[in-house]
Amino acid sequence: RSQGSAMSGQHILVVDDDEQSVDETVRALRFAEFDAIGSSHAHGVAKLARAKSCELVLLDIHMPEYGGYRVLLDLTVMSPTTKVIMMSADTDIEDILECIRHGAIDFISKPFELDDLIQRIKVNSLRPKFHLDQIALREDLIDSLWMNAQAEAGIVRGRRLEQVLYHVFASI
């Protein structure tokens, strides 16, 4: 039970659309003496990470409606000091590289062994977060959301445009 003792008190947020996976990972991290919480909903993750002062987010890449890549962009803008480790059962190198380019500090393939995850957390907690140009990231996020809104129709398009406006006004 002392695997995480050197990092005890570190706030970790686990985000995955698979609720069982979130629950199991949070329980395992708590057993290893990390302060872990979870969410199976991608919306609002950046606000939650900021409100709970999370130093690290374990984030699934592929989630319905609002994917991990978008959450990563939100986190980079709204909670820039929070480190993000992406996770996925799909190890598409392009997806992984895109996440790393936009601020993720690591990737772990699912399913993972708890010991491997704890080791990644320890190593990455000592690694400084990349310093990215916040203005360029906001512009990338807004451009990405705008392009997605143009490709949608109806209610989904309205939601995408709402996201664009939110990020435009949040960056002012």
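Whatever comes next refers back to the structure up there.
Residues numbered from 1 in each chain as written. Predicted model: local features only at pLDDT ≥ 70, side-chain atom pairs only at ≥ 80, totals over all residues. Heavy atoms only, no water.

A. Molecular detail of unusual backbone geometry. With an omega dihedral of -5°, the bond running from K110 to P111 counts as a cis peptide bond. Turning to its location among the elements, P111 is positioned in the loop between β5 (106-109) and α5 (114-126). Backbone geometry at E65 places phi at a positive 65°, although glycine is not the residue there. Structurally, E65 is set in the loop between β3 (56-60) and α3 (68-78). (Helix = DSSP H or I, 4+ residues; strand = E, 2+ residues; numbered from the N terminus.)

B. Region of the structure containing the pattern of salt bridges. Counted under the stated rule, the structure contains four salt bridges. Across the pair R120 and D106 runs a salt bridge whose closest N-O atoms are separated by 3.7 Å. With a gap of 14 residues between them, R120 in helix α5 and D106 in strand β5 connect regions that are remote in the sequence. Residue R120 is classed as partly exposed on the basis of its relative accessible area of 31%. Given the relative accessible area of 17%, D106 is considered buried. When salt bridges with common partners are traced through the structure, they connect D16, D60 and K110 into a single cluster. (Salt bridge = Lys/Arg side-chain N within 4 Å of Asp/Glu carboxyl O. Buried < 20%, exposed > 50% of the residue type's maximum accessible area, 1.4 Å probe, protein only.)

C. Highlighting a negative patch on the surface. A cluster of acidic residues, D17, D18, E19, D23 and E24, forms a negative patch at the surface. Along the chain, the position of E19 falls in helix α1 (residues 19-31). (Patch = residues over 30% accessible without salt bridge, like charges linked within 9 Å, V, L, I, M, F, W, Y side chains within 5 Å. Areas by Shrake-Rupley, 256 points an atom, 1.4 Å probe, with all protein chains shown as cover. Lys, Arg positive; Asp, Glu negative; His and termini not counted. Charge placed at Lys NZ, Arg CZ, Asp CG, Glu CD.)

D. Region of interest: α3. The buried fraction of α3 amounts to 10 of the 11 residues, a majority that puts the element mostly inside the structure. Residues of α3 that are buried: G68, R70, V71, L72, L73, D74, L75, T76, V77 and M78.

E. Structural view of the nonpolar core. In this structure, V57, L59, V71, L75 and M86 are the most contacted members of the largest nonpolar core, which totals 23 residues. Elements represented by at least two residues in this core include exactly β1 (11-15), α2 (45-51), β3, α3, β4 (83-88) and α4 (93-101). The leading source of residues in this core is α3, at five residues. Apart from the residues within four sequence positions on either side, L75 is in contact with V45, A46, A49, V57, L59, P80 and V84. (Core = buried A, V, L, I, M, F, W, Y, C linked by side-chain atoms within 4.5 Å. Contact = heavy atoms within 4.5 Å.)

F. Geometry of the sheet that holds strand β2 (residues 35-39). Taken together, five strands build an open sheet; the order of strands is β2-β1-β3-β4-β5 and the sheet is parallel. Looking at strand neighbours, the two that pair on one side only are β2 and β5, the edges of this open sheet. Averaged over all neighbouring strand pairs, the angle between strand axes comes to 20°, with direction disregarded. Taken strand by strand, α1 contacts β1, β2 and β3, and its axis lies near 175° from that of β2. (Pairing = 2+ DSSP bridges. Axes fitted to C-alpha atoms, helices over the stretch in contact; angles between N-to-C directions.)

Worth remembering: the numbers are spatial, not functional.
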